[in-house]
Amino acid sequence: MSGFTRREFISASAAAAAGAAGSSPAALGVVLPRQEPAAAAGASGAAANLPVVIASSNGLGGPPARKSCVELAMELMLAGKDPLTAVVEGVALVEADPNDQSVGYGGLPNEDGVVELDASVMYGPSHRSGAVAGLQRIMHPSRVAKLVLERTDHCLLVGEGALRFARAHGFEEMNLLTEASRKAWLKWKENHSDDDDWLPEGSNEISPQAAADRAWRHTFGTINCCAVSAAGDLAGVTTTSGLSWKIPGRVGDSPIIGAGLYVDNEVGAAGSTGRGEAVIQTCGAHTIVEAMRRDPGLSPADACKEACQRIVDKTKLSRLRTKEGRPDFGVIFYAVRKDGTFGAASIQEGPEFAVFAGGKARREKCAFLYPKGS
Ligand code: ASP
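Residues numbered from 1 in each chain as written. Predicted model: local features only at pLDDT ≥ 70, side-chain atom pairs only at ≥ 80, totals over all residues. Heavy atoms only, no water.

Caption draft 1: Summary view of the nonpolar core. If you look at the biggest cluster of nonpolar residues, it comprises 45 residues, and the most contacted ones within it are Ile-288, Phe-333 and Val-336. Ranked by size, the runner-up nonpolar core spans 28 residues in total, among them Val-70, Leu-72, Ala-145 and Ala-227. (Core = buried A, V, L, I, M, F, W, Y, C linked by side-chain atoms within 4.5 Å. Buried < 20%, exposed > 50% of the residue type's maximum accessible area, 1.4 Å probe, protein only.)

Written as structure tokens, this is what we have:
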């Protein structure tokens with residue numbers, strides 16, 4: 001056994017899983033020099049000083065009373081925590097936030113009105129991953145995913161098995177459906193339940209009007225957060241309630257290693273938000289890490305753009321394309337390289353991402369393939 005070798009570092013179990021504790025870098029075999037962050041370069045420029053945290057835009061902000069995801073993750077790394085603990089505890093703030101209807105508590109439910117959560121984590125030094133999919137009644141799927149990594153010999157637990165595993169580790173069960181999310185679901189159910197994700201036989205194509213009608217009804221949203229420590233070690237997490245009104249049991253890209261998240265400690269880390277089906281079918285995050293690995297490797301922003309282009313090239317069905325022939329859905333990729341260079345890209349111009357680098361948490365604009373209005 002190497003990397004995470006001794007499982008002793010996880011004396012954590014239930015208490016740590018439910019709390020903010022984490023494994024120390026020393027216990028992970030990582031020497032993490034204390035380092036104050038210094039000036040960092042721009043999104044697609046030269047290497048930033050380490051540590052660096054990057055996330056989807058909901059990694060910054062939230063209610064004024066709480067820290068943001070990227071701030072907490074950075075604070076934990078500067079306090080000596082390993083990057084995996086840092087990102088998982090960072091996204092836990094968003095999982096607990098009822099106002100973010102795309103993640104954790106208060107997430108929009110499936111077509112039966114049941115919240116089903118997906119999450120994955122990956123830790124560079126050990127190259128191990130853990131994930132859960134279709135998990136009900138547990139607020140923090142990313143902490144359960146971390147325990148799948150630490151306390152099982154598996155990569156992915158789903159549905160009832162994932163819930164039983166969470167229960168065994170002392171996670172509290174709760175109703176994840178807030179009033180706001182229940183009302184949003186009811187509105188969909190009352191008004192639009194004829195138009196769901198079930199497609200009639202032989203019709204992978206539907207009319208352009210029907211396609212347009214569908215578009216607004218399905219909302220996406222997720223948080224991806226990746227970090228590189230002062231020692232150059234990488235970790236990442238992606239956690240979501242997935243596509244709203246999905247067919248029960250639908251699993252998106254977030255818990256799929258290589259799609260919604262991928263980490264290679266020699267190269268970098270990448271993750272995604274947006275239409276999971278498109279990311280799974282193009283192995284999005286893996287594609288980005290491999291593009292950064294090439295010699296010469298692409299910058300994180302250019303690697304993210306390349307993965308966006310792959311989606312454009314592989315979106316063949318007209319029901320998923322605009323009249324200009326482009327994808328009618330959004331996908332955003334986020335990436336950070338081992339040297340701290342970071343970037344993000346989306347298919348269409350507009351989205352931002354969150355980053356904490358050079359001592360400053362901020363939002364930056366994503367690179368893109370198609371300018372607004374083009
Ligand atoms: N990627 C997520 C999924 O497809 C949703 C999102 O990020 O918007 O489940």
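Once you've had a look at it, read on.
Caption draft 2: Structural view of unusual backbone geometry. Cis geometry is found at the peptide bond from Leu-50 to Pro-51, where omega equals -5°. Topologically, Pro-51 is positioned in the loop between α1 (13-18) and β1 (52-56). Following Asp-295, the chain continues into Pro-296 via a peptide bond in cis, with omega recorded as 0°. Despite not being glycine, His-127 has its phi angle at roughly 50°, a positive value. Within the element layout of this structure, His-127 appears in the loop between β2 (117-123) and β3 (128-135). Among the residues examined, His-127 registers a relative accessible area of 39% and is labelled partly exposed. Positioned with a positive phi, Trp-245 is a non-glycine residue whose angle comes to about 60°. For Trp-245, the location among the structural elements is in the loop between β6 (234-240) and β7 (261-264). (Helix = DSSP H or I, 4+ residues; strand = E, 2+ residues; numbered from the N terminus.)

Caption draft 3: Quick peek at the pattern of salt bridges. Applying the stated criterion to the full structure yields 15 salt bridges. Between Arg-293 and Glu-290 there is a salt bridge, with the nearest N and O atoms lying 2.8 Å from each other. Residue Arg-293 and its partner Glu-290 are located together in helix α9 (residues 284-293), separated by three residues, close to a single helical turn. In this structure Glu-290 comes out as partly exposed when scored by relative accessible area, which is 26%. A salt bridge links Glu-364 to Arg-362; its shortest N-O distance comes to 2.9 Å. In this structure, Glu-364 and Arg-362 share a single accessibility class: buried. Salt bridges here are not isolated pairs; linked through shared partners, they connect Arg-137, Arg-167 and Glu-173. (Salt bridge = Lys/Arg side-chain N within 4 Å of Asp/Glu carboxyl O.)

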